[in-house]
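Reading the structure
The lines below spell out each chain.
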There are 2 protein chains.
Amino acid sequence: MKKKIKFNTSTQLSVNGERSRTFNLKNLRFDKHGLIPAIIQDYMTGEVLMLGFMDVVSLKRTSKLGRTCFWSRSRKEYWIKGKTSGNYQFVKSIAYDCDMDALLIKVRQVGVACHTGNRSCFYRKIAKCKI
Amino acid sequence: MKKKIKFNTSTQLSVNGERSRTFNLKNLRFDKHGLIPAIIQDYMTGEVLMLGFMDVVSLKRTSKLGRTCFWSRSRKEYWIKGKTSGNYQFVKSIAYDCDMDALLIKVRQVGVACHTGNRSCFYRKIAKCKI
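Computed from a predicted model, the values in this text were never measured in an experiment. (Residues numbered from 1 in each chain as written. Chains lettered and ligands numbered in written order. Predicted model: local features only at pLDDT ≥ 70, side-chain atom pairs only at ≥ 80, totals over all residues. Heavy atoms only, no water.)

With that settled, consider the pairing of strand β9 (residues 103-109) of chain B. All names here are of chain B. Buried residues dominate β9, accounting for five of its seven residues. Relative to β9, strand β4 (residues 36-42) runs parallel, the two being bridged by five bridges. Residue pairing for β9: Ile39 is matched across the bridge by Leu104. Summarising the sheet, strand β8 (residues 89-96) and β9 pair through seven bridges and their orientation is antiparallel. For Ser93, the partnering residue across the bridge sits in β9 and is Lys106. Once β8 ends, the chain turns through six residues before running back antiparallel as β9, passing Met100 with a positive phi of about 60°. (Buried < 20%, exposed > 50% of the residue type's maximum accessible area, 1.4 Å probe, protein only. Helix = DSSP H or I, 4+ residues; strand = E, 2+ residues; numbered from the N terminus. Pairing = 2+ DSSP bridges.)

Written out as structure tokens, the structure reads:
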């Protein structure tokens, strides 16, 4: 099963139902470190799995590989999610928000997303509402 | 219907099924601007609505009000979501991730989350996967 992602930095892409519009990745608002937060969500269940950061290079790699690639702020290196664990995240779609400063990437998660063994990195609650 | 949120900076809270553990908000890893990204998700549908930023003050306000309160990086002010539009986000739960540097807040969204009139801020796709 070969995966192909329509994704380009400058070609005409169908955005939001409009016929075509030139979209350039550089229109995204990266922070002063050149990073943009990327929310990773299970495309089937809707579960939010993690939040990572990408720069233009890792976003292009994510596109090319069809698997998420992040910039690790702590290790200061590119990081293909699942490369060592096998827990890859296969990309289903990439969306950006109204301010163009955040991404929402829907994925098919192999295994678990969190290094602790939990399915999602958000496995601890600090508040629960009582109605 | 009165809403009450269990939330405190220092009291014993039941975290992740363990009996009790002292949780201090200051254990969260805020960035050098004192901010932490907060993913806002519809608690019913699982739809990711937006990404905002909070500091300790806005997180405490979120807790106290039971509605999301953010720090606006562009306007440099606190911002109770829905205060002008009426589109409040009533907090259902707040979780933090394994690195303690991101929040996932599940809410009941009144109306729409995005100022454009879209339900979610992530209404535009730049990539769609073909399998």
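Now, onward.
Where two aromatic rings form a pair, the distance of their centres and the angle of their planes describe that pair. Residue and element names in this part refer to chain A. All told, the structure shown has six aromatic pairs over all chains when counted by the stated rule. Judged by centre distance (4.9 Å) and plane angle (70°), the ring pair of Trp71 and Tyr78 falls under edge-to-face. Exposure remark for Tyr78: the relative accessible area of 29% places this residue in the partly exposed category. Above the face of the Tyr43 ring, Lys92 is positioned so that its terminal group lies 4.6 Å from the ring centre. (Phe/Tyr/Trp six-rings, centres within 6.5 Å; stacked < 30°, edge-to-face > 60°. Lys NZ or Arg CZ within 6 Å of the ring centre and 35° of its normal.)

All names here are of chain B. If you check which residues of helix α1 (residues 56-65) are buried, you get Ser58, Leu59, Thr62 and Ser63. Buried residues in α1, looked at end-on, bunch into an arc of 145°, giving them a common side. One side-chain oxygen of the residue at the start of α1 lies 3.2 Å from the amide nitrogen of Val57, identifying that residue as Asp55. (Arc of directions from axis to C-beta. Polar contact = N/O pair within 3.5 Å; in protein donor to acceptor, adjacent residues only side chain to side chain.)

Another aspect to go through is the side chain of A:Lys81. Along the chain, A:Lys81 falls in the loop between β7 (77-80) and β8 (89-96). Buried charge without a salt bridge: A:Lys81, with B:Asp99 as the nearest opposite-charge side chain at an N-O distance of 9.1 Å. Among the polar contacts made by the side chain of A:Lys81, one reaches the main-chain carbonyl oxygen of A:Ala113 at a distance of 2.4 Å. (Lys, Arg positive; Asp, Glu negative; His and termini not counted. Salt bridge = Lys/Arg side-chain N within 4 Å of Asp/Glu carboxyl O.)

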